[in-house]
Amino acid sequence: MKLPCITMLATLLLTMPAAAQLQITPPATIPSPPPEKQKPRPPAPAKKEAAPAPKPSASPKASPSPKPSPSPKPAATVIPAPPTDNSSVDLVFGAYQRGQYKTAFELATARAQGGDPKAMTMLGELYSNAMGIRRDYAKAAEWYKRAADAGDREAMFALAMLRISGRGGSLDKGEAVKLMASAAKLGEPKAAYNLALLYLDGQTLPQDVRRSAELLRQAADAGLPEAQYALATFYKEGTGVTKDPERAVRLLQAASLADNVDAEVEYAIAMFNGTGTPKNQPAAVALLRKASRQGSAIAQNRLAWVLINGVGVTLDKVEGFKWHLVAKTAGKGDPELDKQLSELPADERAKAEAAARKWLGSK
């Protein structure tokens, strides 16, 4: 089976920015929203740092109807949080959420010495991300391992991330896979998602697209937007699952509601073309505008097409060419739109260029 788009998806998602080898980024540094009283839930993965969600790409055509094919984005990361009824640990997590990392470190140290695995995981997080303490991957790995040995699934996943990147010890993909598998069995969605990518890539593990799809479904059902987006590409292309455009769109919608930018673009395109969902061009254009403002070059290119051609929206060439120029600076050039821009009256071209400079300068 040839899987050019999906294989590229896995390769990109598993590649660290600073290395050519396949790696998964370690835990992120941005804390999540405050937990619920008494039983705080682990915060969601960092949106921008890590990111696991597949990124669409498209070759511009002379038609205003956007039809990109997906490709991905960096893998999701984890911020371990200690969900427990223990009031002392609640204080640890509360301090962490408020950015009082030194206090969290002191409180977590006392709790960890008493054998609390969630406090151990918190110490691993603080050491790994230099929060209130000097970064020390070796100590982070030690605390993650103690917590993992005690059955903490967040620690298992965080330690797997360190092992697969070779931080805090020697690179050990075998141990990383075992840790991810254990965490996934215990219901950790980020572990299931990253394990799915390893099965998809076929380097660390034998390629198994069906198993990858199963793991993505597990993570998607748990509400992980990156997994929802990735699984949508599977249903869109019939990879490891029966092709199902309608289900793909439902997953894109779910990920889009969670502010996954790549899903917003794909969902907008599906609505614009009426693929797997009723056609709704005004809603599609509105979503393209949102994704464009969030920096998606694909959305900017597609928005440029519809504005310049007045399809599903009032024709506005100045605004359209503004987005074309903005997308071009992000590497999404479009020879056809360049040609149309050269034919634009000088005053309108000047306005479009000024608008693009203003947008780029305000970022």
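As the structure is a computational prediction, the values presented were derived from the model and not from experiment. Here the residue index of a chain counts from 1 through its sequence in written order. Local features in a predicted model are, by the rule used here, given only for residues with pLDDT of at least 70; side-chain atom pairs are given and counted only at 80 or more, and totals for whole chains, interfaces and linings are based on all residues. With hydrogens and water stripped out, all remaining heavy atoms of the structure feed into the side-chain values.

1. Concerning the overall build of the chain
- Assigned secondary structure in the chain consists of 17 helices and two strands.
- Each residue gets one of three labels from its accessible area relative to the maximum for its type: buried under 20%, exposed over 50%, partly exposed in between, using a 1.4 Å probe on protein chains only. Per-residue burial for the chain yields a buried fraction of 51% across its 363 residues.
- Contacts between residues were defined by any pair of non-hydrogen atoms, one from each residue, lying within 4.5 Å. By sequence separation, contacts in the chain at least 24 residues apart represent 58% of the contacts at least 6 residues apart.
- Accessible area for the chain stands at about 15700 Å²; split by element, carbon and sulfur atoms hold 51% of it. Note on conventions: DSSP H or I runs of at least 4 residues are helices, E runs of at least 2 residues are strands, and numbering of each starts at the N terminus. The method behind every accessible area is Shrake-Rupley, applied with a 1.4 Å probe, and residues are considered shielded solely by the protein chains displayed.

2. So, the packing of helix H7 (residues 173-185) against helix H8 (residues 189-201)
- Relative orientation of the contacting elements H7 and H8 amounts to 135 degrees, with a least axis distance of 8 Å. By the criterion of interaxial angle, the relationship of H7 to H8 is oblique. The chirality of how H7 crosses H8 is left-handed. Judged by residue contacts, Val177, Met180, Ala181, Ala183 and Ala184 of H7 engage Ala191, Ala192, Asn194, Leu195 and Leu198 from H8. Every angle, taken between N-to-C directions, lies between 0 and 180 degrees, and every axis is a line fitted to C-alpha atoms, over only the stretch in contact when it is a helix. Reported orientations rely on four angle classes, namely roughly parallel under 35 degrees, roughly antiparallel over 145, roughly perpendicular from 65 to 115, and oblique for the rest. Crossing chirality is assigned from the near helix's rotation relative to the far helix, an anticlockwise turn below a right angle marking it left-handed and a clockwise turn marking it right-handed.

3. Details of helix H12 (residues 261-273)
- Between its first and last C-alpha, H12 extends 19 Å over 13 residues, near the 18 Å set by a 1.5 Å rise per residue.
- Burial within H12 is extensive, with 13 of its 13 residues counted as buried.
- A side-chain oxygen of the first residue of H12 lies 3.2 Å from the backbone nitrogen of aspartate 262; this N-cap is asparagine 260.
- Among the residues trailing H12, glycine 274 stands out with phi positive, at a value near 70 degrees. What a helix is expected to span follows from its residue count: subtract one and scale by 1.5 Å. Here a polar contact means two N or O atoms within 3.5 Å. Within protein one must be a hydrogen donor candidate and the other an acceptor candidate, and residues neighboring in sequence count only if both atoms are side-chain atoms.

4. Section: the packing of aromatic side chains
- Two rings from Phe, Tyr or Trp (for Trp, the six-membered ring) form a pair when their centres are within 6.5 Å of each other. A pair whose planes differ by under 30 degrees is stacked, one over 60 is edge-to-face, and the rest are tilted. Inspection of every chain in the model, using the stated rule, returns four aromatic pairs.
- When the ring of phenylalanine 93 is compared with that of tyrosine 96, the centres are 6.2 Å apart and the planes differ by 15 degrees; the resulting orientation is stacked. Highlighted residues: phenylalanine 93 and tyrosine 96, both in helix H2 (residues 87-97), separated by three residues, approximately one helical turn.
- For tyrosine 96, a relative accessible area of 0% corresponds to the buried category.
- Residues phenylalanine 105 and tyrosine 127 carry aromatic rings whose centres are separated by 5.6 Å and whose planes lie at 85 degrees to one another, so their mutual orientation is edge-to-face. Placement of the pair is phenylalanine 105 in helix H3 (residues 101-113) and tyrosine 127 in helix H4 (residues 117-128), with a sequence separation of 22 residues. Residue phenylalanine 105 shares its accessibility class with tyrosine 127, and that shared class is buried.
- Through successive ring pairs, a cluster of aromatic residues spans Phe93, Tyr96 and Tyr101.
- For the cation-ring pair, lysine 322 lies above tryptophan 323, with the distance from its terminal atom to the ring centre recorded as 4.1 Å. For a ring to carry a charge above it, either NZ of a lysine or CZ of an arginine must fall within 6 Å of the ring centroid while also lying within 35 degrees of the normal to the ring plane.

5. A look at the pattern of salt bridges
- What counts as a salt bridge is simple: a side-chain nitrogen of Lys or Arg found within 4 Å of a carboxyl oxygen of Asp or Glu. Applying the stated criterion across every chain yields a total of 14 salt bridges.
- Linking lysine 118 and aspartate 152 is a salt bridge whose minimum nitrogen-to-oxygen distance equals 2.3 Å. Taken together, the positions of lysine 118 in helix H4 and aspartate 152 in the loop between helix H5 (137-149) and helix H6 (153-165) put the pair 34 residues apart, joining distant regions of the chain.
- What makes aspartate 152 buried here is its relative accessible area of 4%.

6. Topic: the confidence of the model for the chain
- Scored between 0 and 100, pLDDT is the confidence that the predictor attaches to each residue. Summarising the model, the chain shows a mean pLDDT of 81, and 75% of its residues fall at 70 or more.
- Element-level mean pLDDT values for the chain span from 33 in strand S1 (residues 56-57) up to 98 in helix H9 (residues 209-221).
- Confidence drops under a pLDDT of 50 for residues 1-85, and excluding neighbours within four residues, the segment shows 258 contacts in the predicted structure.

7. Topic: unusual backbone geometry
- A positive phi angle, near 55 degrees, is found at alanine 130, a position not held by glycine.
- On the basis of relative accessible area, alanine 130 is assigned to the partly exposed category, the value being 34%.

8. A closer look at the side chain of glutamine 300
- Tracing the backbone shows glutamine 300 in helix H14 (residues 297-309).
- With relative accessibility at 2%, the residue glutamine 300 sits in the buried group.
- Sequence-distant contacts of glutamine 300, defined by excluding residues within four places in its chain, comprise Ser292, Gly295, Trp323, Val326 and Ala327.

9. Some remarks on the environment of glycine 238
- If you trace the backbone, glycine 238 turns up in the loop between helix H10 (225-237) and helix H11 (245-257).
- As a C-alpha pair, glycine 238 and alanine 248 span 10 residues in sequence and 9.9 Å in three-dimensional space.

10. Brief notes about the packing of H6 against H7
- Remark: H6 packs on H7, axes separated minimally by 8 Å, with the N-to-C direction vectors making an angle of 160 degrees. As judged from the angle between their axes, H6 and H7 are roughly antiparallel. Seen from above, H6 lies across H7 with left-handed handedness. On H7, the residues touching Arg153, Met156, Phe157, Leu159, Ala160, Met161, Arg163 and Ile164 of H6 are Lys173, Glu175, Ala176, Leu179, Met180, Ser182 and Ala183.
- Split by residue class, the contact of H6 with H7 holds 10 nonpolar, one polar and four charged. Each residue receives one of three labels: charged for Asp, Glu, Lys and Arg, nonpolar for Ala, Val, Leu, Ile, Met, Phe, Trp, Tyr, Cys and Pro, and polar for the others, Gly being one of them.

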